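A look at the structure
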Amino acid sequence: LMAGWEDEPLAADGEISGSVSAKCYGIGTKLPWNCDTTHEFKDVPDAYSISRQRLRRTVCAMVNTCQTCTIYIGVRRSGTVCGIKMNRKERDMLCVEIDNLMRSFQPSIKHDRYKVRFVPVGYEGKRGSGVVAEDRYVVEVELAASPVREVHTIAEKTRAGEKAGETFERCYYRVGRTNEALSYQELRNTIAYEES
């Protein structure tokens, strides 16, 4: 139970955004995969420390790969589970923020293309029994592969120069464990090259 990669989440009426999963991660255990094109690890102490801008860029990069990808919030870059402390109100607020984030893309990312799961984190108890830490979770944001090849962009503001503060559309694409900033045409060329 404590290893943390059992198969199915607990869901009352199908896949519910923000559902608490039936599986459990063990604090200090290492995930069996690395941070790569389809897996991203975010190590933050609490829900308020999540960089919304970095999360938007990661989601944009991952959906543009057209592969099923997962972001794990509460996992160190090494793949070691630490979890983040979140009460019910904070979990609900994070779900609303993720829903808003998905609507901020051009085109927006529909509800059937992503899931948010709060997987409890626990400690290994005596004789192998697991003890779940109160209000400590790994947040899994799973992005489903798109059946149609779409290019998603996000609006960003310029930081310097004569056009500082102006908004422009930016594309991101996942290459290994990094999010590469590309123009719309560069991303279309990358997609065409990969498909040939």
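Our subject is the structure that appears above.
Below is a short write-up of the structure. (Residues numbered from 1 in each chain as written. Predicted model: local features only at pLDDT ≥ 70, side-chain atom pairs only at ≥ 80, totals over all residues. Heavy atoms only, no water.)

1. Let's talk about the packing of helix H1 (residues 52-63) against helix H2 (residues 88-103)
Note the threshold: Axes here refer to lines fitted to C-alpha atoms; in helices the fit is confined to the stretch in contact. Angles between the N-to-C directions go from 0 to 180 degrees. The helix count covers DSSP runs of H or I at least four residues long, the strand count covers runs of E at least two residues long, and both are numbered beginning at the N terminus. Roughly parallel means an angle under 35 degrees; roughly antiparallel, over 145; roughly perpendicular, 65 to 115; everything else is oblique. If you view the pair so one helix is near and one far, a crossing is left-handed when the near helix is turned anticlockwise from the far one by less than a right angle, and right-handed when it is turned clockwise. We call two residues in contact when some of their heavy atoms are within 4.5 Å. Throughout this entry, Asp, Glu, Lys and Arg are counted as charged residues, while Ala, Val, Leu, Ile, Met, Phe, Trp, Tyr, Cys and Pro are counted as nonpolar. The remaining residues, Gly among them, count as polar.
It is at 11 Å that the axes of H1 and H2 come closest, and there the two elements cross at 55°. Here H1 is positioned oblique relative to H2, judged by the angle of their axes. For the pair H1 and H2, the sense of crossing is right-handed. Along the contact surface, H1 presents Arg-52, Leu-55, Arg-56 and Val-59, while H2 presents Glu-97, Leu-101 and Met-102. Counted by class, the contact of H1 with H2 contains 4 nonpolar, no polar and 3 charged residues.

2. Side note on the environment of Arg-88
Using the following cut-off: Each residue is assigned to one of three classes by its accessible area relative to the maximum for its type, calculated with a 1.4 Å probe on protein chains only: buried under 20%, partly exposed between the two thresholds, exposed over 50%.
Position of Arg-88 among the secondary structure elements: in helix H2. Its relative accessible area of 47% is what places Arg-88 among the partly exposed residues. Separated by 47 residues in the primary sequence, Arg-88 and Asp-135 have C-alpha atoms spaced 8.0 Å apart.

3. With respect to the pattern of salt bridges
Opposite charge on two side chains allows them to pair when their charged atoms are near. Quick reminder of the rule: Here a salt bridge means any side-chain nitrogen of Lys or Arg lying within 4 Å of a carboxyl oxygen belonging to Asp or Glu.
Summed over all chains, the structure comprises 13 salt bridges. Residue Arg-91 pairs with Asp-135 through a salt bridge whose shortest N-O separation is 3.8 Å. Of this pair, Arg-91 sits in helix H2 while Asp-135 sits in strand E7 (residues 130-143), placing them 44 residues apart in sequence.

4. Quick word on the state of the cysteines
What makes a disulfide is a covalent bond joining the sulfur atoms belonging to two cysteines. Short version of the rule: When two cysteine sulfur atoms lie within 2.5 Å, the pair is treated as a disulfide.
Under the definition given, this model contains 0 disulfides. Distance from the sulfur of Cys-171, which forms no disulfide, to the nearest cysteine sulfur (Cys-60) is 6.3 Å.

5. Examining the side chain of His-39
The test is simple: In protein, a polar contact requires one atom able to donate a hydrogen and another able to accept it; more generally it is a pair of N or O atoms within 3.5 Å, and residues adjacent in sequence count only if both atoms are side-chain atoms.
Along the chain, His-39 turns up in strand E3 (residues 39-42). Relative accessible area serves as the criterion here: at 16%, His-39 is assigned to the buried category. Within polar-contact distance, the side chain of His-39 engages the side chain of Thr-38 at 3.2 Å. In this view, His-39 contacts Trp-33, Asn-34, Met-62, Thr-70, Tyr-72 and Arg-174; residues no more than four positions away in its chain are not counted.

6. Quick word on a nonpolar patch on the surface
Quick reminder of the rule: Within this analysis, patches are made of residues with over 30% relative accessible area and no salt bridge. Like charges are joined at 9 Å or less; nonpolar side chains (Val, Leu, Ile, Met, Phe, Trp, Tyr) at 5 Å or less. In short, Shrake-Rupley with a 1.4 Å probe defines the accessible areas, and a residue's cover is counted only from the protein chains shown.
Together, Ile-27, Tyr-123 and Val-131 line one region of the surface with nonpolar side chains, adding up to about 260 Å² of accessible area. Considering the arrangement of structural elements, one finds Ile-27 in the loop between strand E2 (25-26) and E3.

7. What to know about the side chain of Arg-174
Structurally, the position occupied by Arg-174 is in strand E9 (residues 167-175). For Arg-174, the side chain forms a polar contact with the main-chain oxygen of His-39, separated by 3.3 Å. Here the side chain of Arg-174 touches Glu-40 through a polar contact of 2.5 Å, side chain to side chain. Apart from the residues within four sequence positions on either side, Arg-174 is in contact with Cys-35, Asp-36, Thr-37, His-39, Glu-40, Thr-58, Ala-61, Met-62, Thr-65 and Asn-179.

8. Points about the packing of aromatic side chains
The following threshold applies: Only centres within 6.5 Å qualify two rings of Phe, Tyr or Trp (six-membered ring in Trp) as a pair; their planes then separate them into stacked at under 30 degrees, edge-to-face at over 60, and tilted for everything else.
Overall, the coordinates contain 3 aromatic pairs when judged by the stated rule. Ring geometry for Trp-33 versus Tyr-72: centroids 5.7 Å apart, planes at 40°, classification tilted. Of this pair, Trp-33 sits in the loop between E2 and E3 while Tyr-72 sits in strand E4 (residues 69-73), and the two are 39 residues apart along the sequence. Here the aromatic cluster, defined as three or more aromatic residues joined through ring pairs, consists of Trp-33, Phe-41 and Tyr-72.

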